[in-house]
Amino acid sequence: MTKTSESTETAASTASDIGAMASGWLQKSAAWLRSVGIPAELGNDAPEGGRNTTERLKATLRRGAEALSPRELRRVLADLQGAAASEVSDVEGGRLAEQVMQWYAGAAPAERQDLWRLLCEQFVPDVAKIQQARQRYEDALGTSGMGAAEKHLRRALLTPRMRLLQRFAVPPQGMRFLLDLRADLLPLLKTEEWLGTLDADLEYLFSTWFDVAFLEMRSLNWDSPASLLEKLIKYEAVHDIRSWADLKNRLDSDRRCYGFFHPRLPGEPLIFVEVALVGKMSDSITPLLDEAAAAADLTKASTAIFYSISNTQTGLRGVSFGDSLIKNVVEQLLQEFPKLRTFATLSPIPGFRHWLGKHADSVWESADKRLRADLAKAVGNEALDSAQWLAVYDKPTELAADSAQAKLLIHAAAVYLGKTMEQGRPVDPVARFHLGNGARVERLNWAGDPSAKGVKQSYGLMVNYLYDLKRLDKHRSLLAQGKVPVSPAVESQAKA
């Protein structure tokens, strides 16, 4: 193949991809509009039994449970349109957006939802314009005008709502405002489908603004500003920090803590990871959180245990940068401690107990008959069956790790983590994160977390995910094929 034909083929392939992207976007938009019974050229969704914003803007009086009167709605719309106007500069648009932000801060929840409706219904994409731009792009395939046509298509895909949201990000507190706005609307997405377009735009913008290329990793320690340490206490999501003494223990000489920061959110970690430097892979969180325990000898440390990873911003849901944080932390640790050989987590299994409650019958049937018989004998109930066996775990952490009760529950956890997939992904959220980063399910730990939270989530079980730096790509490849990478031990437990 000549270079010219290779170039033409590549261009055609790229064009096809972008054309497909635009087509997919149009189809999704049209499908959404049809699903709520709205003509594609209008884009107005009326609340059940109520009026959409176009009808309300033309009215004189408020009706029913509408929060803003038509006059107030028109004023808010005018302010939004002023901020979004293409003829004003980004700086001026940002100043006008800041005025809307000030109004929003004092608005009632229902009034805020009216603003969301304006964003969703009055700042809609020009479908005809996009279709024309797409046709122009397809007509230009393989010609010298393809670049200009692609540029034209990209501009057509930039909706007035997207431009308005970008203007909100201009003021110093704009990023904080947008993150909080999305955090407010996320719980409503399942019941208020009309919010889907606004959420999609915000998620897209955040994925760009919070790209890892713009983030800074910092090491956090006991000498960090008190305001920052307070954020660690506030945002710790895995193992609650009970006191300042607890926090000091987590920042001791044998510990490390790292976080990602964005320049528009100074002093606010987006995500942080807590690391323990130990001599071997940890099987319980209790000694790691023991404030009275002596610090480990760093000269003998061979293992880095990631025992807590916390996202701090609800508004960034769906924007992933945790994998990059772990990679950067590993590199930083190796620079400081070149003798480290093992990088692993000590992780909760948050979805296990709930899942097992739904699949107890199938898990019972999958277990070896001898193991089921041992359990029945151990609890003194020879007639124990699939409908009864979970009842024996009233106080699971008091059972011995080698008991029949423990072995059967570990079998269930091995099936859950190592065999169960939904839509090609692991069902457990923590497993999705680590396995997606190239780790493998290494070991299940009985009574790893005896706290009330640990028992409620997973009967106290915890898991080690191993980051084998030489096999990360191999593990990702296995996962892409629908096979969860697990250690031989976990594989055997899943078959037990």
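Just so it is clear, the model here is predicted, and its values are computed rather than measured.

### Focus on the nonpolar core
A general tendency of soluble globular proteins is for nonpolar side chains to be buried together. Membership of the largest hydrophobic core comes to 107 residues, with the highest contact counts inside it found for Phe210, Phe352 and Trp389. It is helix 16 (residues 404-418) that provides the largest number of residues to this core, a total of 11 residues. Among residues more than four places away in sequence, those in contact with tryptophan 389 are Leu356, Ala360, Val363, Trp364, Leu375, Leu384, Leu408, Leu409 and Ala412. Counting 12 residues, the second-largest nonpolar core is a separate cluster that includes Val278, Leu288, Tyr307 and Ala344.

### Describing the environment of threonine 54
Its location among the elements puts threonine 54 in helix 2 (residues 53-58). Side chain to side chain, threonine 54 and glutamine 122 meet in a polar contact 3.0 Å long.

### Concerning the UniProt feature "domain: Malonyl-CoA decarboxylase N-terminal" (unreviewed entry) in the chain
In the UniProt entry, the feature "domain: Malonyl-CoA decarboxylase N-terminal" (unreviewed entry) is given for residues 123-210. As annotated, residues 123-210 comprises 68% helix and 0% strand, and the C-alpha atoms at either end are separated by 24 Å.

### With respect to the layout of surface pockets
What the largest pocket holds in volume is close to 1,100 Å³. Every residue lining the largest pocket is counted, 39 residues in all, and those nearest its centre are Ile309, Asn311, Pro429, Val430 and Phe433. Elements represented by at least two residues in the lining of the largest pocket include exactly strand 4 (303-311), strand 7 (425-426), helix 17 (429-436) and helix 18 (452-458). Taken together, the residues of the lining of the largest pocket break down into 18 nonpolar, 16 polar and five charged.

Here is what the cut-offs are and how they apply
- Residues numbered from 1 in each chain as written.
- Predicted model: local features only at pLDDT ≥ 70, side-chain atom pairs only at ≥ 80, totals over all residues.
- Heavy atoms only, no water.
- Core = buried A, V, L, I, M, F, W, Y, C linked by side-chain atoms within 4.5 Å.
- Buried < 20%, exposed > 50% of the residue type's maximum accessible area, 1.4 Å probe, protein only.
- Helix = DSSP H or I, 4+ residues; strand = E, 2+ residues; numbered from the N terminus.
- Contact = heavy atoms within 4.5 Å.
- Polar contact = N/O pair within 3.5 Å; in protein donor to acceptor, adjacent residues only side chain to side chain.
- UniProt positions renumbered as here; feature names shortened; annotations may be inferred.
- 1 Å grid on protein atoms, 1.4 Å probe; cavity = no way out; pocket = protein on both sides within 12 Å on 5 of 7 lines; lining within 4 Å.
- Points joined across faces, edges and corners; volume = space filled by probe spheres on them.
- Nonpolar A, V, L, I, M, F, W, Y, C, P; charged D, E, K, R; others polar.

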